Amino acid sequence: NKSTSYINDEIIQLKTGDGWTRQAYFSFDLSKIKDTDERIVFRSYFNAVNIAGEQVLQLEGNTATYDNKLNWNNKDNIPFTIIGTNEMSNSEVESYICWDVTDFVKEQKEAEATVVTLRMSVVEGGGPLCSFPSTESAELKYYPSLLIVREKEPTGMNAEEGNDFN
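These figures come from a predicted structure and were not determined experimentally. (Residues numbered from 1 in each chain as written. Predicted model: local features only at pLDDT ≥ 70, side-chain atom pairs only at ≥ 80, totals over all residues. Heavy atoms only, no water.)

**Concerning the overall build of the protein chain**
Along the backbone of the protein chain there are 1 helix and 11 strands. For the protein chain, the α and β elements follow one another from N to C terminus as β-β-β-β-β-β-β-β-α-β-β-β. Within the protein chain, the fraction of its 166 residues that count as buried is 37%. Once local pairs closer than 6 in sequence are excluded, the contacts in the protein chain between residues at least 24 apart make up 84%. Entry remark: accessible area of the protein chain is about 10,400 Å², with carbon and sulfur atoms responsible for 46%. (Helix = DSSP H or I, 4+ residues; strand = E, 2+ residues; numbered from the N terminus. Buried < 20%, exposed > 50% of the residue type's maximum accessible area, 1.4 Å probe, protein only. Contact = heavy atoms within 4.5 Å. Areas by Shrake-Rupley, 256 points an atom, 1.4 Å probe, with all protein chains shown as cover.)

Shown next, in the form of structure tokens:
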């Protein structure tokens, strides 16, 4: 249904073809992103597909804040920037699909954005219906997420600060 919002659904479905298209949207608060973060990766758990086939997923982003009124009729009101694509096959069911979003997120943070929204779509081979848990799903470990790699401060003691056991 073009005017229905699926924001509270536990499963996100992706597909294109056969007269039906489904996309997924993920918004992330940027308040915990630091300028010194080395790498930022978006990951989503690919938990099911209904038929065999190869798909190419595309990830796009913008800085819009969507509410529970997002639906097919208004999804393109704010343009998206293409971040990249990812080939996916049935052998990847029950694994995480990942994209490096470091450059995109840091550019938005530098432009003083407070949120990024990522849109995942099938752009090739979209007959199969692919399923991913949403943030409404029962298991936290499968939530779509941003993984942040930070340089750790050195810890421990050096020889000059330690005890002398001679």
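**Concerning helix 1 (residues 102–110)**
By the burial criterion, the buried members of helix 1 are Thr102, Phe104, Val105 and Gln108. Elements that come into contact with the buried residues of helix 1 comprise strand 4 (39–46), strand 6 (55–62), strand 7 (81–88), strand 8 (95–100) and strand 9 (115–124). After helix 1 finishes, the residue Glu112 shows a positive phi value of roughly 70°.

**Focus on the side chain of Thr102**
Note on placement: Thr102 falls in helix 1. Using a relative accessible area of 8% as the deciding quantity, one classes Thr102 as buried. Discounting residues that sit within four places of it in the chain, Thr102 has contacts with Glu38, Arg39 and Ile40.

**As for the sheet that holds strand 3 (residues 24–29)**
Sheet architecture is open: 4 strands sit in the order 3-9-6-7, paired in antiparallel fashion. Because the sheet does not close on itself, it has two edges, and the strands there are strand 3 and strand 7. Strand-to-strand twist in this sheet, taken as the mean axis angle between neighbours without regard to direction, amounts to 25°. Sheet analysis places strand 6 next to strand 7, joined by 7 bridges and oriented antiparallel. (Pairing = 2+ DSSP bridges. Axes fitted to C-alpha atoms, helices over the stretch in contact; angles between N-to-C directions.)

**Side note on the sheet that holds strand 4**
If you walk across this open sheet you meet the 3 strands as 8-4-11, and the pairing is antiparallel. Each of the sheet's edge strands pairs with one partner strand only, and the pair in question is strand 8 and strand 11 (145–149). Here the strands of the sheet are splayed against their neighbours by 30° on average, with no regard to which way each runs. The pairing of strand 4 with strand 8 spans 6 bridges and is classified as antiparallel. Directly across from Tyr45, in strand 8, lies its bridge partner Tyr96.

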